[in-house]
Amino acid sequence: GYNHYRSIGGKVGRKEGYRKSEEAMRLEYAKEIQLLRKGLSLRNVSAITNTSVNTLRKIKNLAI
């Protein structure tokens, strides 16, 4: 079924535009970036801003 769907032009995977661009992430999470640059831990920033630790990991890779 999967191969047949692809052979007739079906698209699989995540939808286009699913992930935010780096610039959009920087704008949306500016406060989190500021706190990470001050040296706070991921868990402390998560507690302060109610942002998940996994999201903060993504932000940390972008910003620092």
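Refer to the structure above for everything that follows.
Just so you know, these numbers come straight off a predicted model, no measurement behind them.

**Description of the overall build of the protein**
Helix and strand counts for the protein stand at five helices and zero strands. Here the C-alpha atoms of the protein give a radius of gyration of 17 Å, more than 25% beyond the 11 Å that 2.2 N^0.38 yields for 64 residues. C-alpha extents for the protein along the principal axes are approximately 50 × 20 × 15 Å. Taking contacts inside the protein between residues at least 6 apart in sequence as the whole, the part at least 24 apart equals 36%. Taken together, the 14 basic and 5 acidic charged side chains of the protein have centroids lying 7 Å from each other.

**Regarding the layout of surface pockets**
One number sums up the size of the largest pocket: a volume of about 290 Å³. Residue lining of the largest pocket: Y18, R19, K20, S21, E22, M25, Y29, T55, K58 and L62, and that is the complete set. Along the lines of polarity and charge, the residues of the lining of the largest pocket split into four nonpolar, two polar and four charged.

**What about the nonpolar core?**
Counting residues in each nonpolar core, the largest one holds nine residues, listed as M25, Y29, I33, L35, L36, L42, V45, L56 and I59. For this core, the secondary structure elements donating two or more residues are α3 (30-37), α4 (42-49) and α5 (53-63). When residues of this core are assigned to their parent elements, the largest contribution, three residues, is made by α3. Setting aside chain neighbours within four positions, we find I59 in contact with M25, Y29, E32, I33 and L36.

**Here we look at unusual backbone geometry**
Even without glycine at this site, N50 takes up a positive phi of about 60°. Secondary-structure assignment places N50 in the loop between α4 and α5.

**Focus: the environment of S7**
As for its placement among the helices and strands, S7 is situated in helix α1 (residues 2-7). A polar side-chain atom of S7 sits 2.7 Å from the main-chain carbonyl oxygen of H4.

So, how was this worked out
Residues numbered from 1 in each chain as written. Predicted model: local features only at pLDDT ≥ 70, side-chain atom pairs only at ≥ 80, totals over all residues. Heavy atoms only, no water. Helix = DSSP H or I, 4+ residues; strand = E, 2+ residues; numbered from the N terminus. Rg over C-alpha atoms; globule rule 2.2 N^0.38 Å. Contact = heavy atoms within 4.5 Å. Lys, Arg positive; Asp, Glu negative; His and termini not counted. Charge placed at Lys NZ, Arg CZ, Asp CG, Glu CD. 1 Å grid on protein atoms, 1.4 Å probe; cavity = no way out; pocket = protein on both sides within 12 Å on 5 of 7 lines; lining within 4 Å. Points joined across faces, edges and corners; volume = space filled by probe spheres on them. Nonpolar A, V, L, I, M, F, W, Y, C, P; charged D, E, K, R; others polar. Core = buried A, V, L, I, M, F, W, Y, C linked by side-chain atoms within 4.5 Å. Buried < 20%, exposed > 50% of the residue type's maximum accessible area, 1.4 Å probe, protein only. Polar contact = N/O pair within 3.5 Å; in protein donor to acceptor, adjacent residues only side chain to side chain.

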